[in-house]
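Here are the chains, one letter per residue:
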Amino acid sequence: MLFRSFPRGVLREPSDSIKRADAVVFTKSDFIDASKREFLAERIKTVLPDVPVAFSIHRPTFFSDTTGAAYAIEEIRMRRVLLVSGIADPSYFQKTVNKLGCKIAGRIDYPDHHKFTQKDIKNIKVRCSNDEIDTVVITSKDFVKLKKLDLYGIEQKIFILN
């Protein structure tokens, strides 16, 4: 096998599907060095010499609150925050938020595609209270699931990274 699917998971295509690609884009490339990016591009080019290879990064542009109001990165920067996520790579989420200048006071990591419950909301509230945290940063993907729950008592603390 020349490649394995990224990201991994049961709903991903087999690695030989790459032969159909019109372009190959590697995400989160800001946390791999230039030699690794070059190696990956060369590896793709051995199979797909005429296909463009690109490297992208996730560059947040603003935060929003639970009402949809937007906040500049600078308004949240330097706050002590609790990261809450149900994503495949919570460490990348942490690195991204760290890069923005936020002080990570803690993390609550759930499995990828986690279906949030009221019990999770209670756990977040308790963690905020115990650790004196007034800002919870979540992904927009996770907010779609959280907003269906009763966020009373925590909605003013939640900021969504966009």
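Quick caveat, the model's predicted, so the values are computed rather than measured.

## Considerations on unusual backbone geometry
For step 1, the next point in the chain: Although it is not a glycine, Met78 adopts a positive phi angle of roughly 75 degrees.
For step 2, the next point in the chain: Tracing the backbone through its elements, the reader meets Met78 in the loop between helix H2 (73-76) and strand S5 (80-85).
For step 3, the next point in the chain: Located in the positive-phi region is His113, a residue other than glycine, with phi close to 65 degrees.
For step 4, the next point in the chain: Look at His113 and you get exposed, because its relative accessible area is 55%.

## Quick look at helix H4 (residues 118-131)
For step 1, the next point in the chain: In this model, H4 (14 residues) spans 20 Å end to end at C-alpha, consistent with the 20 Å of a helix rising 1.5 Å per residue.
For step 2, the next point in the chain: Burial in H4 covers these residues: Asp120, Ile121, Ile124 and Cys128. The arc that holds the buried residues of H4, viewed along the axis, is 105 degrees, so those residues lie on one side. Of the exposed residues in H4, the ones pointing more than 90 degrees away from its buried face are Lys119, Lys122, Ser129 and Asn130.
For step 3, the next point in the chain: The inward-facing, buried residues of H4 contact S5, strand S6 (103-109), strand S7 (135-139) and helix H5 (140-146).
For step 4, the next point in the chain: One or two positions beyond H4, positive phi appears at Glu132, with a value near 50 degrees.

## Re the pairing of S6
Each regular strand carries side chains that alternate between the two faces of the sheet.
For step 1, the next point in the chain: Sheet topology places S5 next to S6; six bridges connect them, and they run parallel. Bridging from a neighbouring strand, Leu82 pairs with Gly106 of S6.
For step 2, the next point in the chain: Once the chain exits S5 it traverses helix H3 (residues 90-99) before rejoining the sheet at S6, and the crossover so formed is right-handed.

What counts, and at which threshold
- Residues numbered from 1 in each chain as written.
- Predicted model: local features only at pLDDT ≥ 70, side-chain atom pairs only at ≥ 80, totals over all residues.
- Heavy atoms only, no water.
- Helix = DSSP H or I, 4+ residues; strand = E, 2+ residues; numbered from the N terminus.
- Buried < 20%, exposed > 50% of the residue type's maximum accessible area, 1.4 Å probe, protein only.
- Expected span 1.5 Å × (residues − 1).
- Arc of directions from axis to C-beta.
- Contact = heavy atoms within 4.5 Å.
- Pairing = 2+ DSSP bridges.
- Right-handed = clockwise from strand over helix to strand, strands pointing away.

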